Amino acid sequence: QVQLVESGGGLVQAGGSLRLSCAASGRTFSTYAMGWFRQIPGKEREFVAAINWNGRTTRYADSVKGRFTISRDNAKNTVYLQMNSLKPEDTAVYYCAASRIVVVTTTPDEYRYWGQGTRVTVSS
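Everything numeric here is computed off the predicted structure, so don't read it as measured data.

Okay, the packing of aromatic side chains next. Counted according to the given criterion, the structure contains 5 aromatic pairs. Centroid distance Phe37 to Trp114: 5.0 Å. Interplanar angle 55°. Geometry classified as tilted. Of the two residues, Phe37 is situated in strand β4 (residues 33-39) and Trp114 in strand β10 (residues 113-114); the sequence distance between them amounts to 77 residues. Joined through ring pairs, the aromatic side chains of Phe37, Phe47, Tyr111 and Trp114 make up one cluster. The ring centre of Tyr95 lies 3.9 Å from the NZ or CZ of Arg45, which sits over that ring. Sitting above the plane of the Trp114 ring, Arg45 keeps its charged end 4.7 Å from the centroid.

Attention now moves to the state of the cysteines. Within the structure shown, the criterion is met by 1 disulfide. Paired by a disulfide, Cys22 and Cys96 hold their sulfur atoms 1.9 Å apart. The chirality of the disulfide connecting Cys22 with Cys96 is right-handed, given an S-S dihedral of about 40°. In this pair, Cys22 sits in strand β3 (residues 18-24) while Cys96 sits in strand β9 (residues 92-99), placing the two residues 74 residues apart along the sequence. Note on Cys22: relative accessible area 0%, which makes it buried.

Our next topic: the environment of Thr118. Position of Thr118 relative to the elements: it lies in strand β11 (residues 118-123). When its relative accessible area of 11% is taken as the criterion, Thr118 is described as buried. Considered as a pair, Thr118 and Asp73 are 45 residues apart in the sequence and their alpha carbons are 20 Å apart. Among the polar contacts made by the side chain of Thr118, one reaches the main-chain amide nitrogen of Gly9 at a distance of 3.1 Å.

Here we have 4 strands laid out as an open sheet, ordered β1-β3-β8-β7, and antiparallel in their pairing. Each of the sheet's edge strands pairs with one partner strand only, and the pair in question is β1 (4-7) and β7 (68-73). Direction aside, the axes of adjacent strands within the sheet are offset by 15° on average. Bridge analysis of β7 against strand β8 (residues 78-83) gives 6 bridges, and the strand direction is antiparallel. The residue bridging Phe68 from the neighbouring strand is Met83, located in β8.

What follows covers the side chain of Asn52. By the secondary structure assignment, Asn52 is in the loop between β5 (46-51) and β6 (58-60). At a separation of 2.9 Å, a polar atom in the side chain of Asn52 contacts the side chain of Asn54. When sequence neighbours within four positions are dropped, the list of residues in contact with Asn52 reads Ala33, Thr57, Arg72 and Val104.

Calculation criteria
Residues numbered from 1 in each chain as written. Predicted model: local features only at pLDDT ≥ 70, side-chain atom pairs only at ≥ 80, totals over all residues. Heavy atoms only, no water. Phe/Tyr/Trp six-rings, centres within 6.5 Å; stacked < 30°, edge-to-face > 60°. Helix = DSSP H or I, 4+ residues; strand = E, 2+ residues; numbered from the N terminus. Lys NZ or Arg CZ within 6 Å of the ring centre and 35° of its normal. Disulfide = S-S within 2.5 Å. Buried < 20%, exposed > 50% of the residue type's maximum accessible area, 1.4 Å probe, protein only. Polar contact = N/O pair within 3.5 Å; in protein donor to acceptor, adjacent residues only side chain to side chain. Pairing = 2+ DSSP bridges. Axes fitted to C-alpha atoms, helices over the stretch in contact; angles between N-to-C directions. Contact = heavy atoms within 4.5 Å.

Shown next as structure tokens:
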């Protein structure tokens, strides 16, 4: 069982930056691949970024590539999402998730544990 708690969301102007954190409970955090997803009302949850268990493999959605960076600190049981050059279209609730699948996956159904989400609002 893994419990995930996101933090770091808020209101920021376009072009600004935010860093999201996701703290995980449990001693097995380092065995999970981790992902960030986002969702706006009325739309499906969208893949943002993912990282494998040791941090050596990452994947990004094309819409955030070059602006967002995912990282993890297994000693602190935490995964991060650094978001730079934010755009109004990045506005959403952001969720972190944990997956037992070895390869980095972009599919929400392959993530077993989810946090409650943190809201990011980017004003124009």
